[in-house]
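Residue strings, one per chain:
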Amino acid sequence: MNTWDTDVLVIGGGSTGAGVAWDSALRGLHVTLVDRQDFATGTSGRFHGLLHSGGRYAVRDPGSARECASENRILRQVAADCIEDTGGLFVSTPEDDLEYADRFLAAAQAAGMEIEEVPVGVAVRDEPRLNPKIRRAFRVQDGSIDSWKMISALLRGAQDHGATVLPYHKVVQVIRRGDRVEGAVMEDQRSGEEVLVHAGCVVNAAGAWSGQVAGLAGCEVGVRPGKGVMVAINHRLARAVLNRCHLPSDGDIIVPVRTVSVIGTTDHPVADPDDTECSPAEVHQMIEAGELLVPGFKESRALRVWSGSRPLLPKTETSAGAGDREVSRSHTVLDHGARDGVEGLVTIAGGKFTTLRLMAEDTVDVVVRKLGREAECRTRTEVLPGSESHHFYWIGNRQQEAETDPPDDPLICECELVSQHDLDTVVARRPNWRLDDIRRALRVGMGPCQGGFCAFRVAGMLHQGGRYGRAEANSALREFVQERWKGVKVISWGAQARQTRLDRWIFEGVYDLEHLPE
Amino acid sequence: MTAVVWGAEAWAEVRSSLDRCIKCTVCETACPVAAVTELFPGPKTVGPQAERFRTGDHSPDLSVDYCSGCGICSRVCPQEVRIAELNSRARAELKRERGAPLRDQLVARPGLLGRAGRPVAPLFNWAMANPVIRWAGERTLGIHHKAPVPRSTTRTFSYWVGHHAGAKSARRVVYFHGCSTQWYEPHIGQKVTAILEHNGYQVVIPKQDCCGLPLQSNGLFPAARGAVTRLARQLVPGGTDDLPVISSSTSCGLMLKREAREILGADSPELRSVSQRTYDIFEFLLELHHRGELRTDFKPVPLTVAYHAPCQQQNQLIGKPALGILRLIPGLRLVELDRSCCGIAGTYGVKREKYEIAMRVGEPLFADIQAEGPDLVACDSETCRWQISAATGATSVHPLEILHRAYGGS
Ligand SMILES: Cc1cc2nc3c(=O)[nH]c(=O)nc-3n(C[C@H](O)[C@H](O)[C@H](O)COP(=O)(O)OP(=O)(O)OC[C@H]3O[C@@H](n4cnc5c(N)ncnc54)[C@H](O)[C@@H]3O)c2cc1C
Ligand code: SF4
Ligand code: SF4
Ligand code: SF4
């Protein structure tokens with residue numbers, strides 16, 4: 001069995017784990033990070049994409065609002081390339097209580113948010129699709145944040161400081177000697193081989209799965225997965241994030257993320273975080289809710305639906321255990337040594353994507369103390385790879401670049417403007433890409449045609465380039481297309497239904513996908 | 001059918017049409033510009049696809065400027081994506097942001113050019129025909145030295161109207177003549193008036209300014225919106241709100257019928273009303289004929305006439321009504337030129353960087369004309385006529401000039 005030693009073993013390659021890896025590596029620790037799948041495929045790859053201004057929490061949870069406001073400021077400084085500075089609006093729709101708007105404004109100011117009330121006429125002029133019947137509007141510092149870009153920048157940064165990162169390595173066993181956790185055994189999900197890592201400290205950053213991972217060490221973490229549904233609309237209906245100004249509820253935010261507008265979300269307790277089914281009822285609930293912010297929302301082309309699970313920690317977990325540090329209202333670092341008498345294991349639970357840096361700082365503060373390697377946290381000021389120029393990502397970037405592409409570099413994904421050169425660059429970075437990993441890295445197949453016109457091109461090119469054998473290319477294509485169809489099944493009406501029809505004709509009629517040779 | 005919406009809502013409707021694109025590529029195969037140059041990636045690419053990357057704050061793409069606005073893509077798209085309209089908007093944003101070059105400002109104001117030229121028309125025409133001056137024009141203004149440019153006239157159409165004692169009748173129409181008739185081709189307006197009067201109509205010709213279309217196609221939207229709403233007010237003389245408004249310029253008619261609403265997002269009560277009542281001259285005459293009201297006291301016209309239906313008229317979605325009328329004329333041998341675009345597309349083909357493209361777009365049409373060798377080429381659009389004559393040396397006329405001759409005019 002392949003075996004090595006590391007200072008910190010981080011389990012989970014979502015925003016939290018990647019943040020912990022970056023922070024630890026900057027403090028001079030040797031880090032190994034593993035995920036059972038590709039990175040950013042857990043909740044972090046299935047979230048809403050909002051870089052919170054804090055507005056959502058201002059009235060009900062001022063502590064979280066304050067955290068969001070300050071972390072938002074920091075991330076804009078250190079991770080500009082992963083953020084689009086869309087700005088945000090909180091608007092009182094005809095169904096929202098105007099008295100709430102006053103409370104909201106006061107609370108937002110108290111939480112240190114930058115906020116400005118704008119005349120309704122100005123808001124509607126800036127956002128022509130916004131409901132003209134809104135009665136108040138507030139401009140805030142919301143943005144959108146790209147999970148793939150952010151997590152890969154954090155991991156690249158960590159690797160630059162010596163970290164080892166392993167996708168598709170599932171923790172199957174936590175090594176425990178007596179009351180001490182000493183490492184873990186991972187199974188490579190593609191080859192079936194096992195690796196053993198001895199660690200000075202294990203950080204359980206498995207999000208909604210952290211209860212399962214803690215269980216492997218014989219500890220209990222009562223994380224309760226809360227499922228939320230989101231629907232992506234084919235194009236941007238607004239430039240800014242649109243929020244309803246009311247007590248947070250379902251389907252009250254529309255976020256412009258890359259080329260799409262995403263409406264969300266819901267919150268239903270589920271037993272299994274891998275339960276990602278979205279019911280037609282939930283989808284309709286979202287589509288109807290959008291109407292209040294953007295009249296005509298219902299008629300827009302819904303592109304895809306998905307869900308993710310919040311790693312929620314009930315109150316009893318956050319405040320009870322002896323020795324737990326309730327570092328924040330929204331996330332908790334569980335020191336299993338003080339809590340359960342099991343040394344060498346720390347669980348970070350709860351939180352948000354927006355506060356990933358703070359969550360990592362709080363976690364690694366505990367880790368360095370345990371390891372006796374105390375060092376200052378540097379993530380407040382250290383700029384992530386790719387963000388050195390401090391230019392925010394902008395939706396037009398790809399379009400602008402595509403204009404200057406040489407003619408011998410054809411587009412392979414027309415919807416998301418991915419060229420052959422982009423594909424070559426990405427596959428050269430790491431062996432063993434699955435089509436779905438390439439999608440996450442490049443957005444191939446995430447546009448209106450949902451892979452109808454690009455999936456076979458990518459599979460064919462990877463085959464031609466010798467990366468896939470024939471059978472491999474065929475089954476990769478089949479798997480990819482079926483996965484895409486799963487996401488459009490419940491929204492197949494109107495324009496998307498016509499697209500799906502055409503895609504099916506292409507894959508079933510032209511390629512006979514079901515019967516491609518193995 | 002959903003209700004017709006105006007103003008900002010009309011543009012929202014056009015923009016959301018991008019959602020209907022299923023990537024079928026039909027538009028790409030029909031675009032005459034993409035077929036002749038690599039500088040233009042094609043309607044699907046710059047239309048529904050690129051629109052997803054535009055936020056309205058800052059234009060990411062420049063190649064959309066090579067779209068000529070001919071509208072063929074929008075007509076062929078099986079999903080009714082408003083591709084050409086999306087492109088028009090995107091071009092406008094581009095120019096608003098970067099400032100339209102002087103040349104665009106100039107070709108966009110035919111009145112200005114016409115006015116500047118008029119008092120010294122012979123001199124102006126000489127200058128426009130003089131290669132040295134045209135070269136200088138290309139260097140300083142970016143108007144291609146070979147591009148067709150209209151000849152200015154010493155007497156405007158309004159001058160003629162002022163001296164014309166029109167017949168009184170209970171049946172009245174408003175005539176919207178457009179700038180080209182006013183400044184360059186007043187004889188067109190005279191013939192329209194004669195044809196309508198011959199059919200028993202009183203022709204009301206109010207004082208009128210530019211419809212704003214050239215401003216629009218060069219991205220100067222606020223000015224264009226102002227122009228078209230002013231024009232609509234001028235076209236309801238004495239508050240008339242039920243008279244047909246007859247247009248003899250295809251592009252100007254299209255502006256009133258569709259583009260003011262769909263591209264400019266303009267809106268006013270007069271505009272809504274005028275837009276509904278605007279007819280292409282031949283559309284109007286063909287309706288008369290269908291009702292049995294068109295006079296058919298035609299003299300034979302023993303000529304071979306090749307007819308080209310211009311894009312801007314095709315975009316009115318009225319078919320080719322001129323063919324229906326010209327066919328009635330005895331002795332006339334009518335050849336339908338079944339080609340899409342002559343290349344000029346308003347002022348597109350006169351621009352330095354687009355002249356060659358426009359000429360290549362028009363090549364199949366020019367070749368057909370040369371092969372046919374007709375006595376006359378008939379085309380409803382003035383800029384297309386100038387382009388066709390410049391490219392082929394053929395004499396080109398408005399089809400109503402042929403009708404006018406059949407009615408005994410000279
Ligand atoms: C619907 C929804 C919308 C949201 N929207 C926002 C938003 O707009 N803005 C915001 O700031 N926050 C948002 N959040 C919250 C935010 O997304 C999450 O808090 C955050 O992404 C959690 O990241 P994580 O790294 O803790 O968990 P995950 O991203 O879930 O990472 C955990 C990882 O652990 C891995 N793992 C599990 N078991 C094992 C094992 N045995 N071995 C190895 N690896 C394992 C998983 O594969 C997974 O990748 C949203 C949450 C939900 C549910
Ligand atoms: S309007 Fe004409 S030139 Fe422009 S994209 Fe459409 S077909 Fe091509
Ligand atoms: S013809 Fe219409 S549906 Fe087809 S690719 Fe072009 S815009 Fe899309
Ligand atoms: S389109 Fe017609 S009315 Fe408008 S400016 Fe041109 S010539 Fe004048």
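Residues numbered from 1 in each chain as written. Chains lettered and ligands numbered in written order. Predicted model: local features only at pLDDT ≥ 70, side-chain atom pairs only at ≥ 80, totals over all residues. Heavy atoms only, no water.

Q: So, the overall build of chain B: which residues are in play, and what are the values?
A: In terms of regular secondary structure, chain B is built from 22 helices and 8 strands. For chain B, the proportion of its 410 residues judged to be buried stands at 62%. Restricting to contacts in chain B with at least 6 residues of sequence separation, those with at least 24 account for 77%. Summed over its atoms, the accessible surface of chain B is roughly 15900 Å², and 53% of this surface lies on carbon and sulfur atoms. (Helix = DSSP H or I, 4+ residues; strand = E, 2+ residues; numbered from the N terminus. Buried < 20%, exposed > 50% of the residue type's maximum accessible area, 1.4 Å probe, protein only. Contact = heavy atoms within 4.5 Å. Areas by Shrake-Rupley, 256 points an atom, 1.4 Å probe, with all protein chains shown as cover.)

Q: For the site of ligand 4, give the residues involved together with the corresponding values.
A: Residue and element names in this part refer to chain B. As a matter of local geometry, ligand 4 sits amid 11 residues, with Cys179, Cys210, Cys211, Pro214 and Cys252 nearest to it. Counting residues per element, the ones that place at least two in the shell around ligand 4 are helix 11 (178–184) and helix 13 (213–217). Among the elements that take part in the shell around ligand 4, helix 11 stands out by supplying 3 residues, more than any other. Class assignment of the residues belonging to the shell around ligand 4 gives a composition of 8 nonpolar, 3 polar and no charged. (Near = heavy atom within 4 Å. Nonpolar A, V, L, I, M, F, W, Y, C, P; charged D, E, K, R; others polar.)

Q: If you had to explain the domain arrangement of chain A to someone new, which residues and values would you point to?
A: Residues and elements named next belong to chain A. For chain A, the assigned domains are domain 1 (82–142 + 225–305) and domain 2 (397–515). Here the C-alpha centroids of domain 1 and domain 2 sit 30 Å apart. Residue-level contacts link 14 residues of domain 1 with 17 residues of domain 2. Both faces considered, domain 1 and domain 2 share a buried interface measuring about 1400 Å² in area, 51% of it formed by carbon and sulfur atoms. (Domains from an automatic or database assignment. Buried area = accessible area lost by both parts, 1.4 Å probe.)

Q: How would you summarise the pairing of strand 7 (residues 376–379) of chain B if you had to cite specific residues and measurements?
A: Residues and elements named next belong to chain B. Of the two faces of strand 7, the one holding Leu376 and Ala378 and the one holding Val377 and Cys379 are both buried throughout. As judged from the 4 bridges shared by strand 5 (residues 304–308) and strand 7, these two strands associate in the parallel manner. Residue pairing in the sheet places His308 in a bridge with Cys379 of strand 7. Bridging between strand 7 and strand 8 (residues 396–397) involves 2 bridges; their strand directions are parallel. Each bridged residue has a counterpart across the sheet, and for Ala378 the counterpart in strand 8 is Val397. (Pairing = 2+ DSSP bridges.)

Q: Pulling in residues and values, what's your account of the sheet that holds strand 8 (residues 143–145) of chain A?
A: Pairing is antiparallel in the open sheet, where 3 strands are placed in the order 3-8-4 (chain A). The open sheet terminates on both sides in strands that have one partner only, identified here as strand 3 (50–51) and strand 4 (83–84) of chain A.

Q: Describe the packing of helix 13 (residues 435–442) of chain A against helix 15 (residues 470–489) of chain A, naming the residues involved and giving the relevant values.
A: Residues and elements named next belong to chain A. Orientation of helix 13 relative to helix 15, taken along the N-to-C sense of each, is 55 degrees, at an axis distance of 9 Å. With respect to helix 15, the axis of helix 13 lies oblique. Judged by residue contacts, Leu435, Asp436 and Arg439 of helix 13 engage Ala476, Leu477, Phe480, Glu483 and Arg484 from helix 15. (Axes fitted to C-alpha atoms, helices over the stretch in contact; angles between N-to-C directions. Parallel < 35°, antiparallel > 145°, perpendicular 65-115°, else oblique.)

Q: Can you tell me about the interface of chain A and chain B, naming the residues and giving the values?
A: Between chain A and chain B, the contact holds 30 residues from the first and 25 residues from the second. Here chain A packs against chain B, burying approximately 2400 Å² in sum over the two surfaces, 53% of which is carbon and sulfur. Here chain A and chain B share 2 salt bridges between them. Here Arg52 of chain B and Glu416 of chain A are joined by a salt bridge, their closest N and O atoms 3.4 Å apart. At the surface where chain A touches chain B, the tally comes to 16 residue pairs in polar contact (both at pLDDT 80 or more). If you list the elements that add at least two residues to the side of chain A that touches chain B, you get helix 11 (397–404) and helix 16 (494–510) of chain A. (Salt bridge = Lys/Arg side-chain N within 4 Å of Asp/Glu carboxyl O. Polar contact = N/O pair within 3.5 Å; in protein donor to acceptor, adjacent residues only side chain to side chain.)

Q: Give a description of the packing of aromatic side chains that names residues and reports values.
A: Inspection of the entire model under this criterion finds 14 aromatic pairs over all chains. Seen from their ring centres, Trp485 of chain A and Phe507 of chain A are 6.2 Å apart, and the 75 degrees between their planes marks the pair as edge-to-face. Placement of the pair is Trp485 of chain A in helix 15 and Phe507 of chain A in helix 16, with a sequence separation of 22 residues. Side by side, Trp485 of chain A and Phe507 of chain A carry an identical accessibility label, which is buried. Put simply, the rings of Phe90, Tyr100, Phe104 and Phe138 of chain A pair up and form one aromatic cluster. Its guanidinium or amino end placed over the ring of Phe453 of chain A, Lys44 of chain B lies 5.7 Å from that ring's centre, counting from NZ or CZ. (Phe/Tyr/Trp six-rings, centres within 6.5 Å; stacked < 30°, edge-to-face > 60°. Lys NZ or Arg CZ within 6 Å of the ring centre and 35° of its normal.)

Q: Account for the pattern of salt bridges, with residues named and values stated.
A: Enumeration according to the criterion identifies 62 salt bridges over all chains in this entry. Residues joined by salt bridges that share partners form a network here, namely Asp38, Asp436, Asp437, Arg439 and Arg440 of chain A.

Q: Can you tell me about the environment of Gly447 of chain A, naming the residues and giving the values?
A: Mapped onto the elements of the fold, Gly447 of chain A is located in the loop between helix 13 and helix 14 (455–464). It is 18 Å that separates the C-alpha atoms of Gly447 of chain A and Tyr393 of chain A, two residues lying 54 residues apart in sequence. If we ignore the near neighbours within four places in the chain, the residues touching Gly447 of chain A are Leu303, Cys415 and Glu416 of chain A together with Arg52 of chain B.

Q: Now, about the site of ligand 1: what can you tell me, with residues and values included?
A: All names here are of chain A. What surrounds ligand 1 is a group of 34 residues, the closest being Thr16, Asp35, Ser44, Leu50 and Thr354. Here an oxygen atom of ligand 1 and a backbone polar atom of Gly351 are 3.2 Å apart. Note that an oxygen atom of ligand 1 is positioned 2.7 Å from one of the side-chain N or O atoms of Thr354. Burial of ligand 1 by the protein chains amounts to 96% of its free accessible area of 1000 Å².

Q: Provide a residue-level description of the nonpolar core, including the pertinent values.
A: By size, the foremost hydrophobic cluster in this structure holds 107 residues, and its most contacted members are Met150, Val231, Leu435 and Leu477 of chain A. Counting only domains with at least three residues in this core, you end up with domain 1 (82–142 + 225–305) and domain 2 (397–515) of chain A. Aside from chain neighbours lying at most four places away, what touches Met150 of chain A is Leu75, Ala79, Cys82, Ile145, Phe353, Leu356 and Leu384 of chain A. If you look at the next biggest cluster of nonpolar residues, it comprises 38 residues, including Val173, Val192, Phe298 and Ile325 of chain B. (Core = buried A, V, L, I, M, F, W, Y, C linked by side-chain atoms within 4.5 Å.)

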